[in-house]
6 protein chains.
Amino acid sequence: MSRIDGRTPEQLRPVTIERSWSKHAEGSVLVSFGDTRVLCTASFSEGVPRWRKGSGEGWVTAEYAMLPRATNTRGDRESVRGKIGGRTHEISRLIGRSLRAVIDYKALGENTIVLDCDVLQADGGTRTAAITGAYVALADAIAWAHAKKLLKPSRQPLTGTVAAVSVGIVDGVPLLDLAYEEDVRAETDMNVVCTGDGRFVEVQGTAEGEPFARAELNGLLDLASGGCAELATIQRAALAEAE
Amino acid sequence: MSRIDGRTPEQLRPVTIERSWSKHAEGSVLVSFGDTRVLCTASFSEGVPRWRKGSGEGWVTAEYAMLPRATNTRGDRESVRGKIGGRTHEISRLIGRSLRAVIDYKALGENTIVLDCDVLQADGGTRTAAITGAYVALADAIAWAHAKKLLKPSRQPLTGTVAAVSVGIVDGVPLLDLAYEEDVRAETDMNVVCTGDGRFVEVQGTAEGEPFARAELNGLLDLASGGCAELATIQRAALAEAE
Amino acid sequence: MSRIDGRTPEQLRPVTIERSWSKHAEGSVLVSFGDTRVLCTASFSEGVPRWRKGSGEGWVTAEYAMLPRATNTRGDRESVRGKIGGRTHEISRLIGRSLRAVIDYKALGENTIVLDCDVLQADGGTRTAAITGAYVALADAIAWAHAKKLLKPSRQPLTGTVAAVSVGIVDGVPLLDLAYEEDVRAETDMNVVCTGDGRFVEVQGTAEGEPFARAELNGLLDLASGGCAELATIQRAALAEAE
Amino acid sequence: MSRIDGRTPEQLRPVTIERSWSKHAEGSVLVSFGDTRVLCTASFSEGVPRWRKGSGEGWVTAEYAMLPRATNTRGDRESVRGKIGGRTHEISRLIGRSLRAVIDYKALGENTIVLDCDVLQADGGTRTAAITGAYVALADAIAWAHAKKLLKPSRQPLTGTVAAVSVGIVDGVPLLDLAYEEDVRAETDMNVVCTGDGRFVEVQGTAEGEPFARAELNGLLDLASGGCAELATIQRAALAEAE
Amino acid sequence: MSRIDGRTPEQLRPVTIERSWSKHAEGSVLVSFGDTRVLCTASFSEGVPRWRKGSGEGWVTAEYAMLPRATNTRGDRESVRGKIGGRTHEISRLIGRSLRAVIDYKALGENTIVLDCDVLQADGGTRTAAITGAYVALADAIAWAHAKKLLKPSRQPLTGTVAAVSVGIVDGVPLLDLAYEEDVRAETDMNVVCTGDGRFVEVQGTAEGEPFARAELNGLLDLASGGCAELATIQRAALAEAE
Amino acid sequence: MSRIDGRTPEQLRPVTIERSWSKHAEGSVLVSFGDTRVLCTASFSEGVPRWRKGSGEGWVTAEYAMLPRATNTRGDRESVRGKIGGRTHEISRLIGRSLRAVIDYKALGENTIVLDCDVLQADGGTRTAAITGAYVALADAIAWAHAKKLLKPSRQPLTGTVAAVSVGIVDGVPLLDLAYEEDVRAETDMNVVCTGDGRFVEVQGTAEGEPFARAELNGLLDLASGGCAELATIQRAALAEAE
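About the cut-offs
- Residues numbered from 1 in each chain as written.
- Chains lettered and ligands numbered in written order.
- Predicted model: local features only at pLDDT ≥ 70, side-chain atom pairs only at ≥ 80, totals over all residues.
- Heavy atoms only, no water.
- UniProt positions renumbered as here; feature names shortened; annotations may be inferred.
- Helix = DSSP H or I, 4+ residues; strand = E, 2+ residues; numbered from the N terminus.
- Buried < 20%, exposed > 50% of the residue type's maximum accessible area, 1.4 Å probe, protein only.
- Contact = heavy atoms within 4.5 Å.
- Areas by Shrake-Rupley, 256 points an atom, 1.4 Å probe, with all protein chains shown as cover.
- Lys, Arg positive; Asp, Glu negative; His and termini not counted.
- Charge placed at Lys NZ, Arg CZ, Asp CG, Glu CD.
- Buried area = accessible area lost by both parts, 1.4 Å probe.
- Salt bridge = Lys/Arg side-chain N within 4 Å of Asp/Glu carboxyl O.
- Expected span 1.5 Å × (residues − 1).
- Least-squares fit on C-alpha atoms with pLDDT ≥ 70 in both.
- Patch = residues over 30% accessible without salt bridge, like charges linked within 9 Å, V, L, I, M, F, W, Y side chains within 5 Å.
- Polar contact = N/O pair within 3.5 Å; in protein donor to acceptor, adjacent residues only side chain to side chain.
- Nonpolar A, V, L, I, M, F, W, Y, C, P; charged D, E, K, R; others polar.
- Axes fitted to C-alpha atoms, helices over the stretch in contact; angles between N-to-C directions.
- Parallel < 35°, antiparallel > 145°, perpendicular 65-115°, else oblique.
- Left-handed = near helix turned anticlockwise from the far one by under 90°.
- Phe/Tyr/Trp six-rings, centres within 6.5 Å; stacked < 30°, edge-to-face > 60°.
- Lys NZ or Arg CZ within 6 Å of the ring centre and 35° of its normal.

As annotated in an unreviewed UniProt entry, chain A is Ribonuclease PH from Streptomyces buecherae. Taken verbatim from the UniProt record of chain A, the Catalytic activity (unreviewed entry) comment is "tRNA(n+1) + phosphate = tRNA(n) + a ribonucleoside 5'-diphosphate". Under Sequence similarities (unreviewed entry), UniProt gives the following word-for-word description of chain A: "Belongs to the RNase PH family."

On to the overall build of chain A. Scanning chain A from N- to C-terminus turns up 6 helices and 9 strands. Across its three principal directions, the C-alpha atoms of chain A cover 55 × 40 × 35 Å. The burial tally for chain A puts 60% of its 243 residues in the buried class. Summarising the internal contacts of chain A: among those between residues at least 6 apart in sequence, 69% fall at separations of at least 24. Just so you have it, chain A exposes about 9,200 Å², and 50% of that area is on carbon and sulfur atoms. Charge-centre separation for chain A: the mean point of 28 positive side chains lies 8 Å from the mean point of 33 negative side chains.

This next bit is on the UniProt feature "binding site: phosphate" (unreviewed entry) in chain A. Residue and element names in this part refer to chain A. Look at the UniProt record and you will see "binding site: phosphate" (unreviewed entry) annotated at Arg87, Gly125, Thr126 and Arg127. Spatial clustering of the annotated residues is evident: they stretch over 41 residues in sequence, but the largest pairwise C-alpha distance comes to 13.5 Å. With respect to the helices, strands and loops of the structure, Gly125 is situated in the loop between β5 (111-121) and α4 (126-147). The exposure class of Gly125 is buried, given its relative accessible area of 16%. Sequence-distant contacts of Gly125, defined by excluding residues within four places in its chain, comprise Arg13, Thr36 and Leu178. In this structure, Arg127 sits in helix α4. Residue Arg127 is classed as buried on the basis of its relative accessible area, which comes to 18%. Beyond its immediate stretch of four places on either side in the chain, Arg127 contacts Tyr64, Arg87, Ile91, Leu94, Asn191 and Gln204.

Attention shifts here to the interface of chain E and chain D. Between chain E and chain D, the residue contacts involve 35 residues of the former and 36 residues of the latter. Across the chain E to chain D interface the summed buried area is about 3,000 Å²; carbon plus sulfur atoms make up 49%. Run the count over chain E and chain D and you get 16 salt bridges. Among the ionic pairs, D:Lys23 bridges to E:Asp35, the shortest N-O distance being 2.9 Å.

The next thing to look at is helix α2 (residues 86-100) of chain D. The end-to-end C-alpha distance of α2(D), which contains 15 residues, comes to 21 Å, matching closely the 21 Å that a straight helix rising 1.5 Å per residue would cover. With 13 of its 15 residues buried, α2(D) lies for the most part within the structure.

Once chain E has been moved 0.0 Å along the axis and rotated by 180°, it coincides with chain D to within an RMSD of 0.0 Å. What the rotation and shift describe, once combined, is the action of a two-fold rotation axis. Closest approach to the rotation axis within chain E is made by the C-alpha atom of E:Ser79, at a distance of 1.8 Å. Here 100% of the contact residues of chain E are again contact residues in chain D; the copies associate through an equivalent surface.

In this section: the pattern of salt bridges. Taken as a whole and assessed by the stated rule, the structure comprises 143 salt bridges over all chains. In this structure, B:Asp177 and B:Arg7 form a salt bridge, with 3.7 Å as the shortest nitrogen-oxygen distance. Taken together, the residues B:Asp177 in the loop between β7 (173-176) and α5 (180-185) and B:Arg7 in the segment before β1 (15-19) connect sequence positions 170 residues apart. Both residues of the pair, B:Asp177 and B:Arg7, count as buried. Of the charged contacts in the structure, one is a salt bridge between E:Arg77 and D:Glu63, with a shortest N-O distance of 2.8 Å. A residue pair is termed interchain when its members come from two chains, as with E:Arg77 in the loop between β4 (59-66) and α1 (78-81) and D:Glu63 in strand β4 (residues 59-66). What you see here is one network of salt bridges that share partners, running through A:Arg3, A:Asp5, A:Arg7, A:Arg13, A:Asp35, A:Asp123, A:Asp177, A:Glu182 and F:Lys23.

Looking now at a positive patch on the surface. Side chains of A:Arg50, A:Lys53, C:Arg50, C:Lys53, E:Arg50 and E:Lys53 sit close together on the surface and give a patch of like positive charge. Looking at where E:Arg50 falls in the secondary structure, it is placed in the loop between β3 (36-46) and β4.

So, about the arrangement of the chains. Without any contact between them, chain A and chain D keep their closest C-alpha atoms 10 Å apart. At no point do chain C and chain F touch; the closest pair of C-alpha atoms across them sits 10 Å apart.

Turning our attention to the interface of chain B and chain C. Contacts between the two partners involve 36 residues from chain B and, on the opposite side, 35 residues from chain C. Between chain B and chain C lies a buried interface of about 3,000 Å² when both sides are counted; carbon and sulfur atoms form 49% of it. For the pair chain B and chain C, the number of links is 16 salt bridges. Close ionic contact of B:Asp116 with C:Arg77 constitutes a salt bridge, the shortest N to O distance being 2.8 Å. On the surface where chain B and chain C come into contact, there are 26 residue pairs in polar contact (both at pLDDT 80 or more). Elements supplying a minimum of two residues to the side of chain B that touches chain C: β3 (36-46), β4 (59-66), α1 (78-81) and β5 (111-121) of chain B. A class-by-class count of the residues in the side of chain B that touches chain C yields 15 nonpolar, 9 polar and 12 charged.

Contact geometry of helix α6 (residues 214-240) of chain E with helix α6 (residues 214-240) of chain F gives a least axis separation of 13 Å together with a crossing angle of 160°. When the axes of α6(E) and α6(F) are compared, the pair comes out roughly antiparallel. Crossing geometry of α6(E) relative to α6(F) is assigned as right-handed. Taking contact as the criterion, the partners of E:Arg214, E:Leu217, E:Asn218, E:Leu221 and E:Asp222 in α6(E) are, on α6(F), F:Arg214, F:Leu217, F:Asn218, F:Leu221 and F:Asp222. For the contact of α6(E) with α6(F), the per-class residue count stands at 4 nonpolar, 2 polar and 4 charged.

When chain B is fitted to chain C, the best match, at an RMSD of 0.0 Å, comes from turning it 180° and sliding it 0.0 Å along the axis. Both copies present the same face, since 97% of the interface residues in chain B are matched by interface residues at the equivalent positions in chain C.

Turning our attention to the packing of aromatic side chains. Tallied over the full model, the rule gives 24 aromatic pairs over all chains. Aromatic ring contacts, followed pair by pair, group A:Trp51, A:Trp59 and A:Tyr105 into a single cluster. When the ring centre of C:Trp21 is taken as reference, the NZ or CZ atom of B:Arg37 above it lies at 4.2 Å.

Another point: unusual backbone geometry. For B:Asp171, which is not a glycine, the phi torsion comes out positive at approximately 50°. Tracing the backbone through its elements, the reader meets B:Asp171 in the loop between β6 (162-170) and β7. For B:Asp171, a relative accessible area of 52% puts it in the exposed group. Although it is not a glycine, E:Asp177 sits at a positive phi angle of roughly 55°. With relative accessibility at 0%, the residue E:Asp177 sits in the buried group.

What follows covers the packing of α2(D) against helix α4 (residues 126-147) of chain D. All names here are of chain D. At a minimum axis distance of 10 Å, the contact between α2 and α4 shows a crossing angle of 40°. Taken as axis vectors, α2 and α4 run oblique relative to one another. Viewed along their axes, α2 and α4 form a crossing whose handedness is right-handed. For the pair α2 and α4, contact is made by Arg87, Ile91, Leu94, Ile95, Ser98 and Leu99 and by Thr126, Arg127, Ala130, Ile131, Ala134, Tyr135 and Leu138, respectively. Split by residue class, the contact of α2 with α4 holds 9 nonpolar, 2 polar and 2 charged.

Following this line, the structure appears as structure tokens:
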């Protein structure tokens, strides 16, 4: 059985990571997972939020948003509605936690990095593309800060790499990296965030229809681990290129 | 090694489920997991939100909140700040999804049930206590609606039972049902929602410190499955009592 | 003529005051006036709001809210609507003023006490129950602060006691402590806050139907004074018990 | 002892009522109580809010606000802060209730009148001036509607007249119609709303310093009744003039 | 062809400028352009917004608003809706920019002047009346500050005068100072802000119907320059009177 | 004298218009004016806002926003702050008006087109780039609707073309299409919106420093007219390409 776009169940969509997309940000990446396109910028600033002042430690946070017409039907702007929806909050928090998992706050010193992940076009997996791209933007911003002598030369705030992928069960078959049409049909949907050494940072599985059994969960985790490893390789290759 | 309150690693805190706590709501439960106390009310109303009208199907949703002094330090009221925080949004959505997993919308007909889960006292595991208690309030509201002939006598909107528990790794040891002090020290924190027949509705694991390996994840899932099974027994016993 | 619940016109509903209801707050009381149940917590914190810094004086304030299903029909959450309604504002301000009437700011020193009054179940008289219960929580928080040496041993910030009760005219008869069904039928509705020595802190009377004559007003004030005196006795008894 | 502006304790400030101040509104009054100046407009519109449709009854409501520099020190605009303060809410509700006390909803038919009371200059007693002026604007709007045949000719929605005044105890002396400087020094502050036949619509007394005794309350009510009677005469005179 | 109110195309409506309208503000003007009436107050305060501290320079800003019944049909209050509309924002910014064009920040020192322009009655041209009146209130506030020795005696923060007028093309004829009924029928609508020496501070022209040609634009600019010169004369006369 | 980027005073920056940038929107254009890059999407939907129902006429509106790191320093998200700033409001309204100037509402029928203009990278002239790009997206959406038979074949809702450009005086020299660094140094700043036949839709000139004389205004208008004509040619060329 082949998928809607001809992929095998354990195949990622074409993934591209375009660095230095924006001239202003300290790190900026246009990441695409198939037709999903997310602009990830990393903004480095000296100083930390008030509650962290004097700690000698830095902070990393993230904000996720979708352009109103990133989706098939236009959505209202959250700025116009005057409040942020639950989904946006949830994903922003997930991205922030995922990136903080590979940060050594002491090595970062009292500096803050904000990751903005704006979905320009959505076709499923926007949060996983955002995490995967934001990691590269984060790495670039840290390299920039090193070059500018804003970090101690001997200290590396990054303790590893991080990437994310979605998996799900569609018509009883576990699939890697769901496109939107697969996502809406999935009985179970899981987002998995892994470090480059294959450990887990986040596992979020949800039964959309039938509850899932332990064996199904195990199958999905296998699939996701493989996908994340592949993404780590793609991240490494992107960062190896001259900017 | 024994825990802060003398429990073994795989032991739940004392769990109590007090039904019909409030005179107004169609279902109302004061649930406690140790010192965590959540008031769960189920409000049954005829009709559904606009986007669902004419579908013949019902809707179940949830709202979670904490009283300002449910916690050790007083928190600002979200109504006073004028917006709902990300954590509140996230938990409200989790509770709603968890309960919808055991609802047959067609059998519910065009009726809506809102679950309000207000934390009166917090000591870790408020969202899992909320789900576990809200299920019982939901069952009571459905029984009420059956008694009032608001549902077809032959149709049962509940397709199963649902309960939730937290697990985490503290000092390298996997523990069931974390109290607050354990929760803040946990390296990994996971909330698991299961149906009464042992399948998964939600699995949300987060590395707070070190990323976690697959073996650790497996250990936590074992622990959580056991805890949820125990909670299902407690729910059944509570519902078996005359109201 | 006897009332809906068999009381005489000048009779209070059964009043209970359960102290130390919550493990976190410095003072916490679950107060009930019949089926009206309000959880009142007093949060003591060192320091005062900015506009009072350096004055050597403390501050006491209050916030009132209702759980969505405290009432017969579920109400929207003010946090979800993103703003606080006029009624909530009005009652919060009333409770704060009432308690400040028995506070010596200098004796309190630069400390703040916040009273949170959350209505768990409403059956009329929620604001008067809140004031009556909040006074006891306030007294407990002050005793706690004395025990913790956060107040000068020789200084007593409480200058008296305060309690409140509603009165109203139903079918031409003045009644004490209206239950919800009486309240909706009342032609005139009055909330009276008194100190333990029988003086007035607040008098708020409103004609819901016909305007009221001076003689009627006098009758209501007599009734309210008697009710407040009784409540003061109940408060004293509650505080006399070992916690 | 004479007062700051030379009045006797039981004397009102000069009161003026200028009708038809605005060319657009169905009723519009610029009322002044000494230096307090409030623009009251009555907007008549056919139809009622949704919750009242089909009842055959009308609705009257009010909104109160202060211009930012109506006061001695500039206040922030509530529109800029994005929320209405408790004091504004409270006064808007008081004005609405006061005017509804003299309205026969059935005679009004399914029409709505909104009273806007905007304080152009504040010097104490803004809410009582607002009620007193708004009554005249309301009467003009009703006359306008009668003239336009929007009301049944034989039906008079106004069942009486209404006016309001403040009273307070300053240095132990009960004073009528407090100016701002008196208001801030008052130990007790009371706003009283009366109908033209001398009955009470609202009585709101607050101890700002010491609680007040029953005898003091009685003295204040006497003073307020006299003041309201005088205001009713002034209202009648204003309405007797050709517009 | 004569206009709705009998004016010639190049004629202003009757303009009046009433100074010291309010007893509290440092400068206050009730300005009218025909039936358009705007209350402009200037509030002088020592200190500047945070971003300007230590610069030695002052700040001038403005806020514009309409009373709900300033217009023919009652509009919702922006404070009640909880947000400021685009039109209000736009006009507030225009007024602020216009007045800052004649301010020497250094001569003002670290002081702030806020201009509040509240439309009491609207009949077209509210923003141009507001600018014209606010200039006079600003001049009065600066004179007040000089008298109070809050400004250096030798320094004059005002570098010129500023006034504004609307122009538009109605039925092919360019008209000065449009009344509301003309404004709604205008094909092109332009607001022009000039200094007393005839130069431009703002030119905002909008085609409401057909785009306009360069020749039409030139005609409108001629008309507006003439109108502004006339307004400058009226401002000068108003300021020449003893307050 | 040559400009910062080597241009002559009357030279546009390199302008590119990339059509069909997004797979979801009915029209989508990535427009760049030098380093300013704006994503413009046109969303076509059947039906109109409530106030226009039954009129037989369509509606066109626009929303403008900036990504937080489109600028040199990261700005707060308006969705997070919970309100839209004045500048955003102003520009959204300008874009909407500009495009409506070339729309025949009757020919559009009861359909709505929303233009979203999101600035991905800002370097001056974002609003003029947005208008210029949005026109092309609008034209594509209308062509799409014609192809889908959602518009009457014989009716063309577009009555012309529209483009916009900024001009300003820097160091006394009038310049076309200001880059950000020029913009901040400009004494006068003007945005001009023209139709393809050389008439004006909007003229918005602001003195940032010194007021400007009529001769300067004339010079700027000449420059802008030339720039808009050039942009109209570029738009035509873009639309002539096969999509």
